[in-house]
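Survey of secondary and tertiary structure
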Amino acid sequence: MADKPRLAVWKFSSCDGCQLSLLDCEDELLAVAGAVEIAYFLEATRTPPEGPYDISLVEGSITTPADSVRIAEIRRQSKTVISIGACATSGGFQALRNIGDYDEIVRNVYAHPEYIDALKTSTPISSRIHVDFELRGCPVNKHQLLEVVAASLAGRRPNVPNYSQCVECKRSGIVCVMVAHGTPCLGPVTQAGCGSLCTSCDRGCYGCFGPKEEANTRSLGKRISEDFGVGHRATADMFRTFNAGAEPFRREALRHDEH
Amino acid sequence: MTSTDQTLPEGIQAQNRTIVVDELARVEGEGALDVKVEDGVITNIKFRIVEPPRFFEALLRGRMYSDAPDVTARICGICPIAYMLGAINAMEDAFDIVPPAQIKRLRRLIYCGEWIESHVLHSAMLHAPDFLGLADAFLIAKVNPDLVKTALRLKKLGNTILEVVGGRAVHPVNLKVGGFYRTPRKADVKALEGELEWAIGASVELLEAFAGFDYPDFEQDYLCVSMRHPDEYAIQEGNLVSSRGLDIRVADFPKHFYEEHVEHSNALHGRTREGEPYLVGPIARYNNNYEQLSPYAKEMAEKVGLPRVVRNPYQSILVRMVETLYVCEEALAIVREYEEPAAPSVPVDIHAGAGAGAGVTEAPRGICWHHYSLNDAGRILNATIVPPTAQNQPQIEDDLRGVVQGNLDLDDEALKWRCEQTIRNYDPCISCATHFLKLRIDRG
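Residues numbered from 1 in each chain as written. Chains lettered and ligands numbered in written order. Predicted model: local features only at pLDDT ≥ 70, side-chain atom pairs only at ≥ 80, totals over all residues. Heavy atoms only, no water.

Chain B has the name Coenzyme F420-reducing hydrogenase alpha subunit in an unreviewed UniProt entry, where Rhodobium gokarnense is given as its organism.

Named according to an unreviewed UniProt entry, chain A is Coenzyme F420-reducing hydrogenase gamma subunit originating from Rhodobium gokarnense. What UniProt records for chain A under Cofactor (unreviewed entry) is the sentence "[3Fe-4S] cluster". (UniProt positions renumbered as here; feature names shortened; annotations may be inferred.)

**Some remarks on the overall build of chain A**
Of regular secondary structure, chain A possesses 12 helices and five strands. Relative to a compact globule of 259 residues, whose C-alpha radius of gyration would be 18 Å, chain A shows 19 Å and is just as compact. For chain A, the spread of C-alpha atoms along the three principal axes comes to 60 × 50 × 25 Å. The contacts in chain A between residues at least 6 apart in sequence include a share of 72% that link residues at least 24 apart. When the accessible surface of chain A is totalled, it reaches about 10,500 Å², and 51% of it is carbon and sulfur. Side chains of chain A give 28 positive and 32 negative charges; the mean places of these two sets differ by 4 Å. (Helix = DSSP H or I, 4+ residues; strand = E, 2+ residues; numbered from the N terminus. Rg over C-alpha atoms; globule rule 2.2 N^0.38 Å. Contact = heavy atoms within 4.5 Å. Areas by Shrake-Rupley, 256 points an atom, 1.4 Å probe, with all protein chains shown as cover. Lys, Arg positive; Asp, Glu negative; His and termini not counted. Charge placed at Lys NZ, Arg CZ, Asp CG, Glu CD.)

**Description of the overall build of chain B**
The helix and strand inventory of chain B stands at 15 helices and 14 strands. Relative to its 444 residues, chain B shows a buried fraction of 66%. Carbon and sulfur atoms form 47% of the exposed surface of chain B, whose accessible area is close to 14,200 Å². Between the mean site of the 46 positive side-chain charges and the mean site of the 64 negative ones, chain B shows a separation of 4 Å. (Buried < 20%, exposed > 50% of the residue type's maximum accessible area, 1.4 Å probe, protein only.)

**Quick look at the sheet that holds strand β5 (residues 133–135) of chain A**
Residues and elements named next belong to chain A. The five strands lie next to each other as β2-β1-β3-β4-β5, forming an open sheet whose pairing is parallel. A strand with exactly one partner marks an edge of an open sheet, and here the two such strands are β2 (37–41) and β5. Between one strand axis and the next, the sheet turns by 20° as a mean value, whatever way the strands run. Across five bridges, strand β1 (residues 6–11) lies against strand β3 (residues 53–59) in parallel orientation. When the bridges of β3 are listed, Ala-8 appears paired with Ser-56. Across the sheet, helix α3 (residues 65–77) touches β1, β3 and β4 (78–84), and the angle it forms with β4 is around 130°. Strands β3, β4 and β5 of the sheet are contacted by helix α6 (residues 142–154), whose axis makes an angle of about 155° with β3. (Pairing = 2+ DSSP bridges. Axes fitted to C-alpha atoms, helices over the stretch in contact; angles between N-to-C directions.)

**Here's the deal with the nonpolar core**
Among the nonpolar cores identified, the biggest contains 180 residues, and Leu-57 of chain A together with Phe-210 and Tyr-372 of chain B are the most heavily contacted of them. Counting residues per element, this core draws most heavily on helix α4 (residues 101–132) of chain B, at 15 residues. Sequence-distant contacts of Phe-210 of chain B, defined by excluding residues within four places in its chain, comprise Ser-123, Ala-124, Ala-128, Leu-147, Tyr-215, Ile-317, Leu-318 and Met-321 of chain B. Core analysis: the second largest hydrophobic core is formed by 17 residues, Tyr-40, Tyr-53, Ile-71 and Ala-88 of chain A among them. (Core = buried A, V, L, I, M, F, W, Y, C linked by side-chain atoms within 4.5 Å.)

**Let's talk about the packing of helix α11 (residues 295–303) of chain B against helix α12 (residues 316–337) of chain B**
Residue and element names in this part refer to chain B. In contact at an axis separation of 9 Å, α11 and α12 are set at 160° when each is read in the N-to-C sense. Classified by the angle their axes make, α11 and α12 are roughly antiparallel. Two packed elements cross with a definite hand, and for α11 against α12 that hand is right-handed. Contacts from Tyr-296, Ala-297, Met-300 and Ala-301 in α11 reach Val-322, Leu-325, Tyr-326 and Glu-329 in α12. (Parallel < 35°, antiparallel > 145°, perpendicular 65-115°, else oblique. Left-handed = near helix turned anticlockwise from the far one by under 90°.)

**Comments concerning the packing of helix α10 (residues 282–289) of chain B against α12 of chain B**
Residue and element names in this part refer to chain B. Where α10 meets α12, the closest approach of the two axes is 9 Å, and the angle between their N-to-C directions is 65°. Where α10 crosses over α12, the handedness of that crossing is left-handed. Where α10 approaches α12, its residues Pro-282, Ile-283, Arg-285 and Tyr-286 are matched on the opposing element by Ser-316, Val-319, Arg-320 and Glu-323. Along the lines of polarity and charge, the residues of the contact of α10 with α12 split into four nonpolar, one polar and three charged. (Nonpolar A, V, L, I, M, F, W, Y, C, P; charged D, E, K, R; others polar.)

**Here we look at the sheet that holds strand β8 (residues 247–248) of chain B**
Residue and element names in this part refer to chain B. Strand order in this open sheet of three strands is β6-β7-β8, and the pairing throughout is antiparallel. The outermost strands of the open sheet, each flanked by one partner alone, are β6 (225–228) and β8. Across two bridges, the pairing between strand β7 (residues 239–242) and β8 is antiparallel. Residue pairing across strands places Leu-240 opposite Ile-248, the latter belonging to β8. On the sheet, α10 packs against β6 and β7 and is oriented at approximately 55° with respect to β6.

**Examining the UniProt feature "domain: NADH:ubiquinone oxidoreductase-like 20kDa subunit" (unreviewed entry) in chain A**
The UniProt entry lists residues 15–151 of chain A under the feature "domain: NADH:ubiquinone oxidoreductase-like 20kDa subunit" (unreviewed entry), expressed in the numbering used here. As a span, residues 15–151 of chain A carries 36% helix and 16% strand, and end to end its C-alpha atoms are 26 Å apart.

**Concerning helix α14 (residues 412–424) of chain B**
Residues and elements named next belong to chain B. Across its 13 residues, α14 extends 18 Å between first and last C-alpha, which sits within 8% of the 18 Å expected from 1.5 Å per residue. By the burial criterion, the buried members of α14 are Leu-415, Trp-417, Cys-419, Glu-420, Gln-421, Thr-422, Ile-423 and Arg-424. In this structure Asp-411 caps α14, since a side-chain oxygen of it lies 3.2 Å from the backbone nitrogen of Glu-413. (Expected span 1.5 Å × (residues − 1). Polar contact = N/O pair within 3.5 Å; in protein donor to acceptor, adjacent residues only side chain to side chain.)

**Focus: helix α12 (residues 247–257) of chain A**
Residues and elements named next belong to chain A. The complete set of buried residues in α12 reads Phe-249, Glu-252, Ala-253 and His-256. The arc that holds every buried residue of α12, seen down its axis, measures 100°, which confines them to one face. Against α10 (217–227) and α11 (232–239) lie the buried residues of α12. (Arc of directions from axis to C-beta.)

**Quick notes on the interface of chain A and chain B**
Note: interface size is frequently given as the accessible area lost on complex formation between the parts. Contact residues are listed per partner, giving 63 residues for chain A and 67 residues for chain B. Of all residues in chain A, Glu-26, Arg-46 and Phe-93 of chain A give up the largest surface area on contact with chain B, accounting jointly for 14% of the area buried on that side. Put simply, Asp-70 of chain B and Arg-203 of chain A hold a salt bridge, and the shortest N to O gap is 2.8 Å. If you look at where chain A meets chain B, you find 24 residue pairs in polar contact (both at pLDDT 80 or more). At the level of elements, α1 (17–23), α2 (29–35), β2, α3, α5 (102–109), α9 (197–200) and α11 of chain A are the ones that each hand at least two residues to the side of chain A that touches chain B. If one sorts the elements of the side of chain A that touches chain B by residue count, α5 of chain A sits on top with six residues. Per-class residue counts for the side of chain A that touches chain B are 33 nonpolar, 14 polar and 16 charged. (Buried area = accessible area lost by both parts, 1.4 Å probe. Salt bridge = Lys/Arg side-chain N within 4 Å of Asp/Glu carboxyl O.)

**Some thoughts on the confidence of the model for chain B**
Residue and element names in this part refer to chain B. Put simply, chain B has an average pLDDT of 90, and 93% of its residues get 70 or more. Long-range and interchain partners of residues 1–14, a stretch whose pLDDT sits below 50, account for 23 contacts in this model, where long-range means more than four residues apart. Per-residue pLDDT stays below 50 along residues 434–440; that stretch engages in 72 contacts with residues further than four places along the chain or on separate chains. Reported for the predicted complex are a pTM of 0.94 and an ipTM of 0.96. (pLDDT = per-residue confidence, 0-100.)

Structure, rendered in structure tokens:
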């Protein structure tokens, strides 16, 4: 019992959807709970945190002064840190505050802005500490999550693709929604992994797995905004969702703002 | 409604104590609790939501109406449908769209999936450990593996419904203003039938297991607020009603209820315009709409000893399982009658009636109200979202006050456990309301 690897699940600013994905592994959950010691998982257990940990899964983005301190302590206590989900890997939807007037945003939501103690930015976990692996997705894919945990336990690199969503669609035999129907789609610049969900539903990919390696956002942004007649503002909006803070998406949205 | 200077019942020695729970476990999000007792009198109770604010309402401004369902889904990973359909109902109100019955039935089906997933997760895995004195569901699995396996299979069915209709369990992709992107295939929907037949019996099994728990003796005269629909147990459409006879249109919610910003919480506090706390969620729905439950759900509720009007908040776990039983029956009926609609959605004309719209649905933990104002191009000018946990927060504090007052003879650890259990009665969704509990009991 004492020899089992110690797993901790941490939450920062987020919707809990990624750690819920772990609880959604109904068929594997009891096996996971048997293979590791769940040392800390606030969403599921009442056990108080006590390091050190072999694996820390971190959900959510850094948005408060206290959280920027807490993440450093988690790093000190953890052998392996894996950030999970769009908030933890790119700042999340809440990273849109980074480009707005923060004070005005707070005033819009809260009657007493002086009660709010938050940072003017929402940034990924990797902006504060070294992260051993980043698992993308809004939310993460539970099969990928299990693969990352299994790989970490085995001391090998997780088998998670970094190619585009287009490759996944081709492999699944899904007809391209852009070519066949003229539907704007972020698939060409988005990392595969969701299981081709949107294109299976006859809609364009909305980029919830964030930018793939070497994403040619400039070419796709031009095609969507000009050739498809979507316009620059709507194209900027497409890049400004759950991975708005990921550099290629952030930059492409800015390019369309300039028009 | 509740005075802060209640005196102790005779026989209990006056005490000074402070209870602090800094991290509330087994809830969604980050919350904390401070209790201060001086000379046997509670001088301070604060249920604090310390989840960092994410400012969704402000960040929605300037975006197209059509972005609202996918964006608001990200407020909560546990009840994304509540947000997606709340936003969709509001936009359809603004555009005067009334979707055909088949689309409404599919929406009800996917919402049944969310209720099953959320209710079973909460009841079996997050709340049941409180009644058993265990830290978590993994420990129940050692004591009663069959119960946990049944719960996991039932929860998985909820997720499967979400996937079949919505494409994904957390943050579904197939819902939009006007209907769905793609019509779920008849064969895929019909394939749910066998597991739903099993699920009705499984819900009863869990209900009966939970009915054997020891329920703390505590009652409140709640002001219950929920939706009501003339023809069905309200989930995704209807008016707003209260247990004191209020019956209003969805858009009139702000005339009767408001949110205040208090210093100790990043969630706003919902109150009636008269300043009273009120209850939303399973007990409110059950009390207001009991007659519309199925005959079998009512029969099982009576069998496990639930009264016609539930006043004991700890019985919420039983009400959730009665609702789970009900929605399994509902989902089965919808699946059996399902025919693929001619079109997956109705068209949206962004110029027709653009202006403003309000929408509400019954999230597993209570009503989730949305209001948007739009410009002529269909872009959002202003967004207001009132989540269930923000509305319940004053009522949670009110319950805690009564529970602490009645249990001052318990030692700090036992009292802390009881307080946490009391909060978990609400299945608080703290990310929604802006996450878990830190308890500090200050006995001076």
